[in-house]
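# Structural characterization, general
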2 protein chains.
Amino acid sequence: MRIEVICTGDEVLTGKIVNTNFSYITQKLEDFGLSVAWETTVGDDRESLLTAFRLAGERADAVIVNGGLGPTVDDLSQEIAARAAGVELVLSEEWLSRMEEYFQRRGRPMPSSNRKQAMLPRGSEILDNPVGTACGFAVTIGHARFFFTPGVPRELRRMLEQEIVPRLMAMSGVQVAIRLKRFHSYGIGESHADTLLQGVEALAPEGAVKLGFRAHYPELETKLTVRGADAEDIARKLAPVEQEVRRRFGNFILAEDDQTLEGVIVAELARRNATLTVVETFTSGLICARIGHLPGAERVVRRGLAARDLGEVCAAAGVEGVPSTGGVSVRTAEAVARAARHRTAATHALAVLIDLDEGPDRIEFAGSICLAIATESGIVSRRSRIVGGRDWVRLGAAELGLDCLRRHLQGLPVTERIDFEKTEGTPPSR
Amino acid sequence: MRIEVICTGDEVLTGKIVNTNFSYITQKLEDFGLSVAWETTVGDDRESLLTAFRLAGERADAVIVNGGLGPTVDDLSQEIAARAAGVELVLSEEWLSRMEEYFQRRGRPMPSSNRKQAMLPRGSEILDNPVGTACGFAVTIGHARFFFTPGVPRELRRMLEQEIVPRLMAMSGVQVAIRLKRFHSYGIGESHADTLLQGVEALAPEGAVKLGFRAHYPELETKLTVRGADAEDIARKLAPVEQEVRRRFGNFILAEDDQTLEGVIVAELARRNATLTVVETFTSGLICARIGHLPGAERVVRRGLAARDLGEVCAAAGVEGVPSTGGVSVRTAEAVARAARHRTAATHALAVLIDLDEGPDRIEFAGSICLAIATESGIVSRRSRIVGGRDWVRLGAAELGLDCLRRHLQGLPVTERIDFEKTEGTPPSR
């Protein structure tokens, strides 16, 4: 089945907004084993829309159109859909009363301009939108079934998942259920992961499990798309593959499915009624900010301390005597973590100290990172060196610090070598 | 002149990467008064590429193709360009030696696979790429001039600006120079800004200045595209409009052109040899992290302190006695800023305290913000309430804190009402 996507709107065509709706749509379809063959972006322009609809209607079996369902004059999707389908626009009493209810619940009168949103090509099938006034609809143009969706991301998402994907699955004739299993990791690059997981798909019956990756530095998302007759069948097919991915990735898996590294850390700390203090230098608060704002973090995050100057960091943490050596060391990181934990009466303290290279930002620009985690029972630490420019070092060091904390909380070694560092990991100092 | 863009590559078509290259291309062309009429995305697939090239070649005068110039087998742009143009692929000795030099300078032998990058459709014009091995080229397909560009963003950017825009400007026949003037503001919403600036374009000769906006919450970018015979003519045409935008936006302009809010703050502090301490609650380090990592910030950012608990914040800052009232107040923010400045021996201290609403995240979720800036000569403070969900509050509060600091450093009032807050701004407490 050939699927195309048409994105509409001057804001997207002129680049005022980056087209994340398209990447969302195509990723979501991939998750269900469906793929997009062609994408077209046109502006709020009658002639362009008509041409785009006709061309896609000749080439495709299914077309998802995004945007142009709003109440204003430049929202043209229904009008042009009707022209392309060769039918007239008619008022949907059903959608009109849905909109009236929508405004009633909000205690506001419905503006007359919204009436336009209930005008649909004759014979359209309504695609429900429980979170907005834009009416989704399906209509046939040329050889293809067209699905019209709103431009507002949360309205699009809901409609795509609940209304459109089931219809596409039915059209594709594949009578199967689909599940997406996801692993989040840090420290394994995409090509390394690809090599590492070679052959795992073969642990399930042929074609049942499809492996994919999505890298968003510093993390890597590994996706298993599983097809089966039903949930039970899927679970049976997924089990050996899932187990093998966990075995091969080992300690590098930081979270699964909707979990996040930050969420795992907050949950681990909350579970043991623990509290955390974070001390940082170049990252300047980024590490603490990644977890501190989460729901539940208010009971867990004790204090964040940041300073760019090593002497100042030591003073803030309460280290006796500023270190006489120039650069950061694992020993200093340990002293800072220990002192900060003591001074703020936290159960856990994470210190991430960074020495930056000299000179302007460039691709070879690196930072040396010394980090330590202090608890009542002792201290662990590691040294690392990350190359790739100021931002790469900053984001990588924050991730490294948080992931080492996650590892420590889960009883895993914090010194395993990662793919993004330049030098070998050093063994823990104790 | 009709311009189209074709983006190629499975990674873009499957949404593995968001297509920021397209929004970059179309924005850059807009900056030069050129607009894109149509965009097509296709995968690394011979048939799709050929169809896309032929369709665009029939419709457009100029087509920019992005991606597919790499050394691997799935990079198909040159091959399909030659087929669509009806010519053969020939080796460009010029580009081959350029690549050999490129590898020589890096002390590495050129892999044989790179030779493929020097194969161009016969009769192509080379578009220089000084920062990579992908050879840009221009060739005519159908009625249109096609410009082939690399997928690597920094290679694309350089080629577009230095090689392609001048050619498009020449093709468009408009013998003018173009300049883009930008203003960055915080506190004025896009539609408010649009109303506020009504008529400013008319202060320049007709059509010489075009006004546009790009909102990226919490900031708004206001753009003036100016056309003229030369730089001097442009400056003359721009002057009255530029002046009027500054007058109408007033204190809300936080930076111009390539400046940023963070950069302005660091520069203002550095200019007076000042140092800064930042104290935060819900934002948990975000405010400090936005400025702390910048080049030069190491001399300016004294210390960052964060805690979710008000008592803990007071303790960290060194406030005597934890406030007995439950919520944050302007008075507490002032006490925290004053104490933190004193304790860390900074010339400036910014405290941003936030009381969050109870309950789950939702669009009506709000936060009450009390902030204060302490200096040797006194203290300023303000209260605000931002609505729109946890993230909206977090990002808005960080921006508000930094922008108040910028205003204070520039001798401007910190209490002007902004469009994103719920309640009226209160007058400064002294």
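That block above? That's the structure.
Notes on the structure in this doc start here. (Residues numbered from 1 in each chain as written. Chains lettered and ligands numbered in written order. Predicted model: local features only at pLDDT ≥ 70, side-chain atom pairs only at ≥ 80, totals over all residues.)

### Points about the packing of helix 11 (residues 310–317) of chain A against helix 12 (residues 330–344) of chain A
All names here are of chain A. The condition is simple: Geometry is summarised by axes, namely lines fitted to C-alpha atoms with helices restricted to the contacting stretch, and by angles between N-to-C directions that run from 0 to 180 degrees. Counting from the N terminus, the helices are the DSSP runs of H or I reaching at least four residues and the strands are the DSSP runs of E reaching at least two. Residue pairs qualify as contacts under a 7 Å threshold applied to their C-beta atoms, which are placed from the backbone. When residue character is reported, Ala, Val, Leu, Ile, Met, Phe, Trp, Tyr, Cys and Pro are called nonpolar, Asp, Glu, Lys and Arg charged, and the others, Gly included, polar.
Packing of helix 11 against helix 12 leaves a shortest axis separation of 8 Å and a crossing angle of 35°. Between helix 11 and helix 12, the residues in contact are Val313, Cys314 and Ala317 and Val336, Ala339, Ala340 and Arg343, respectively. Residue composition of the contact of helix 11 with helix 12, grouped by class: six nonpolar, no polar and one charged.

### Structural notes on the relation of the copies chain B and chain A
Keep this limit in mind: Least squares is used to superpose the copies, and the fit set is the C-alpha atoms of residues whose pLDDT is at least 70 in both copies.
Of the two same-sequence chains, chain B is brought onto chain A (RMSD 0.1 Å, axial shift 0.0 Å) by a rotation of 180°. Here the symmetry operator amounts to a two-fold rotation axis.

### Regarding the sheet that holds strand 9 (residues 177–186) of chain B
Residues and elements named next belong to chain B. Inclusion rule: Two strands pair if DSSP finds at least two bridges between them.
The sheet built from four strands is open, its strands ordered 10-11-9-12 with antiparallel pairing. Whereas interior strands pair on both sides, the edge strands pair on one side only; in this sheet they are strand 10 (209–216) and strand 12 (253–256). Geometrically, the sheet is characterised by an average inter-axis angle of 25° between neighbouring strands, direction not taken into account. Looking at chain direction, strand 10 and strand 11 (residues 219–228) are connected through eight bridges and run antiparallel.

### A word on the interface of chain B and chain A
Taken together, the 45 residues of chain B in the interface contact 46 residues of chain A. Looking at the side of chain B that touches chain A, the elements that each hand over two or more residues are helix 2 (20–31), strand 2 (36–42), helix 10 (286–292), strand 14 (301–306) and helix 11 (310–317) of chain B. For the side of chain B that touches chain A, the per-class residue count stands at 18 nonpolar, 17 polar and ten charged. Of the strand pairs in this sheet, strand 2 (residues 36–42) of chain A and strand 2 of chain B are connected by five bridges, and their pairing is antiparallel. Residue pairing for strand 2 of chain B: Thr40 of chain A is matched across the bridge by Thr40 of chain B.

### Some points on the environment of Ala267 of chain A
Residue and element names in this part refer to chain A. The condition is simple: Any residue with 12 or fewer other C-beta atoms within 10 Å of its own C-beta is exposed, any with 20 or more is buried, and the rest are partly exposed; the C-beta atoms used are placed from the backbone.
By the secondary structure assignment, Ala267 is in helix 9 (residues 261–271). Assessed through the 14 C-beta atoms surrounding it within 10 Å, Ala267 is described here as partly exposed. For the pair Ala267 and Gly296, spaced 29 residues apart in the sequence, the C-alpha separation amounts to 8.3 Å.

### Here we look at the packing of helix 3 (residues 46–59) of chain A against helix 4 (residues 77–85) of chain A
Residues and elements named next belong to chain A. The line we're drawing: Here roughly perpendicular refers to angles of 65 to 115 degrees, roughly parallel to angles under 35, roughly antiparallel to angles over 145, and oblique to all remaining angles. Left-handed describes a crossing whose near helix is turned anticlockwise from the far helix by less than a right angle; the clockwise case is right-handed.
At a closest axis distance of 9 Å, the pairing of helix 3 and helix 4 adopts a crossing angle of 50°. Accordingly, the angle class assigned to the pair helix 3 and helix 4 is oblique. Taken as a pair, helix 3 and helix 4 cross one another with a handedness that is right-handed. Contacts between helix 3 and helix 4 involve Arg46, Leu49, Leu50, Phe53, Arg54 and Gly57 on the former and, on the latter, Ile80, Ala81, Arg83 and Ala84. Of the residues in the contact of helix 3 with helix 4, the class split is six nonpolar, one polar and three charged.

### Let's talk about the sheet that holds strand 1 (residues 3–8) of chain B
Strand order in the open sheet formed by twelve strands is 6(A)-7(A)-8(A)-3(A)-1(A)-2(A)-2(B)-1(B)-3(B)-8(B)-7(B)-6(B), and the pairing between neighbours is mixed. Two strands in the sheet have a free side with no partner beyond their single neighbour: strand 6 (125–127) of chain A together with strand 6 (125–127) of chain B. Direction aside, neighbouring strands of the sheet carry axes that sit 20° apart on average. In this structure, strand 3 (residues 62–66) of chain B lies alongside strand 8 (residues 144–149) of chain B, joined through five bridges in parallel fashion. Bridging across to strand 8 of chain B, Ile64 of chain B finds its partner in Phe147 of chain B. In the packing of helix 2 (residues 20–31) of chain A onto the sheet, contacts are made with strand 1 (3–8), strand 2 and strand 3 (62–66) of chain A, and the angle to strand 1 of chain A comes to roughly 160°.

### Here we look at the environment of Glu242 of chain B
All names here are of chain B. Tracing the backbone through its elements, the reader meets Glu242 in helix 8 (residues 231–249). Residue class for Glu242 comes out buried when judged on the 20 C-beta atoms lying within 10 Å of it. Considering only alpha carbons, one finds Glu242 and Cys370, 128 residues apart in sequence, at a separation of 34 Å. Discounting chain neighbours no more than four positions away, the residues touching Glu242 are Lys181 and Leu224.

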